[in-house]
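Listed below are the residues making up each chain.
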Amino acid sequence: MRSVRLLCGLLTALALMITAVAPARAADDASVLDESAAMGAAYDMGAPLEKTSESEDPEAPVDAVPPETPDEETMPEEAPVEETTPAETEPAETGAQADRFDWTEVYTHEFPLYSQLDYPNKRYGSGTIATSGCGITSLAMVASYLTGHAYYPDELAGYFGGYGENNVQRFEYGAEQLKLPIRKADTVRDVFAAIKNGDVAVLLMDHMSIFTETQHFIVLTGINEETGKIMVYDSYPPNYGKWDLKRGFVEGFEERDLMLGYSGGWIFSVRGMPGVPFIYTEEKPEADPRYGIELTWEEQQLLAKLIWLEARGESPEGQQAVAEVALNRLVSGKFGSTLEQVIYGEGQFRTTPFLDEAEAWQAQYEAIDAALSGPNVLPMNVMYFATYPENDRVWGQIGGHIFCYG
């Protein structure tokens, strides 16, 4: 009877032990399931898996740690070795990139933004810089950027405004005289490729573009690194306030914006610049003005028109010589007491019937300035010119004209 009671006690104790162990094991199993579910969810979402360790979960059973864990835990020690691999190839990549974009590391010149409207009274071409000087203003921006020397629109207008018969010719002539590495673009795509390669460009836009209703030069300065769009400098300030342009001046313009109304382009090679850039200067010889007179604006216009009719295809020296013939006649007193009398006098100049149709431009005004200030081309007693000798007292020939003494 006593043994039966002892056996019942043992069975009761065993049952109690089983009851106590079961919840703990169930809790452990649930914890493992929950962790697996979380890891699976993280993988599904593309998040990196976080590896648990014994230090993070001291109650986790030992057999729950995969046998590969020690090997996996050594992977962070190998990471520095893997990180040195890019370092070994980095010099080669940097060198290749330097060949393409080395200008970004060494080219620190500022890109100035000039306004053509700042020069309303400076003659340029057939008008002024304010009215028709977007090309020479754009050239001043590019030349200043490439050389690091401050060229200003009125300065370049004085140098090159008297050359050529249109603003495109003056722009190209000026760039050549400044010895800038310029080439005419084959297509607008050629321009875009050059800009992406680190060069700068000037575009001529026509009335179909968003920038002008006539013709207008703009400067492409580079790529906006944040937007990938093309940055533009415009010499005409009112364009910056237009609703369809002002965002583009801040963020850059799409290629399609610049393709619309594209009329021509010129690419300036940044890599083509020499280490010591050429700086253009003109030193005018000193001379004493010999005429001692001042012409009114109306007289300048009249004389400029006469030079345009008689000698617009001649060299600057040839045009100045024609101006001097008219001034020589004026100061001699033999052909009239005013410039108007000299020019309109009977038998004086055969082109006077066409003066109202003449369209004088800067070259003719510069010829007048040179004749008044000197040094002069002709002696003061040279009174005639033509394509043939007017008399047997020939002084000499300049271009297509033969000049004779009076």
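Rules of the game
Residues numbered from 1 in each chain as written. Predicted model: local features only at pLDDT ≥ 70, side-chain atom pairs only at ≥ 80, totals over all residues. Heavy atoms only, no water. Phe/Tyr/Trp six-rings, centres within 6.5 Å; stacked < 30°, edge-to-face > 60°. Helix = DSSP H or I, 4+ residues; strand = E, 2+ residues; numbered from the N terminus. Buried < 20%, exposed > 50% of the residue type's maximum accessible area, 1.4 Å probe, protein only. Lys NZ or Arg CZ within 6 Å of the ring centre and 35° of its normal. Pairing = 2+ DSSP bridges. Axes fitted to C-alpha atoms, helices over the stretch in contact; angles between N-to-C directions. Contact = heavy atoms within 4.5 Å. Parallel < 35°, antiparallel > 145°, perpendicular 65-115°, else oblique. Left-handed = near helix turned anticlockwise from the far one by under 90°. Core = buried A, V, L, I, M, F, W, Y, C linked by side-chain atoms within 4.5 Å.

Peer 1: What is the right way to look at the packing of aromatic side chains in this model?
Peer 2: Each aromatic ring pair is summarised here by two numbers: the centre-to-centre distance and the angle between the ring planes. Counted by the stated rule, this structure contains 21 aromatic pairs. Taking the centre distance of 5.5 Å and the plane angle of 15° together, the rings of Trp297 and Tyr365 count as stacked. Pair noted here: Trp297 is in helix H12 (residues 297–311) and Tyr365 is in helix H15 (residues 362–373), with a separation of 68 residues, a long-range link. Judged by relative accessible area, Tyr365 falls into the buried class, the value being 9%. Above the face of the Tyr124 ring, Arg170 is positioned so that its terminal group lies 6.0 Å from the ring centre.

Peer 1: What is the right way to look at the sheet that holds strand S9 (residues 394–398) in this model?
Peer 2: Strand pairing within a sheet occurs via backbone hydrogen bonds; the two strands may be parallel or antiparallel. The strand order S8-S10-S9 describes an open sheet built from three strands, whose pairing is antiparallel. A strand with exactly one partner marks an edge of an open sheet, and here the two such strands are strand S8 (382–386) and S9. Within the sheet, the average angular offset between the axes of one strand and its neighbour, ignoring direction, is 25°. Running at roughly 135° to S8, helix H13 (residues 316–332) makes contact with S8, S9 and strand S10 (401–405) of the sheet.

Peer 1: For this particular structure, what's the right way to read the packing of H12 against H15?
Peer 2: When two helices pack together, you describe them by how their axes are tilted relative to each other and by the distance separating the axes. Relative orientation of the contacting elements H12 and H15 amounts to 115°, with a least axis distance of 9 Å. Taken together, H12 and H15 sit at an angle that is classed as roughly perpendicular. The hand of the H12/H15 crossing is right-handed. Of the residues in H15, those in contact with Trp297, Gln300, Gln301, Leu303, Ala304, Ile307 and Trp308 of H12 are Gln364, Tyr365, Ala367 and Ile368.

Peer 1: What is the right way to look at the nonpolar core in this model?
Peer 2: Considering soluble globular proteins, one finds that nonpolar side chains tend to be buried as a cluster. In terms of nonpolar packing, the biggest core is built from 38 residues, with Leu303, Leu378 and Phe403 touching the most fellow members. Of all the elements in the fold, those that place two or more residues in this core are H12, H13, helix H14 (339–344), H15 and S8. Discounting chain neighbours no more than four positions away, the residues touching Leu303 are Leu295, Ala326, Leu327, Leu339, Ile343 and Ile368. The next biggest cluster of nonpolar side chains, apart from the first, holds 33 residues, and it includes Met141, Ala175, Phe268 and Val270.

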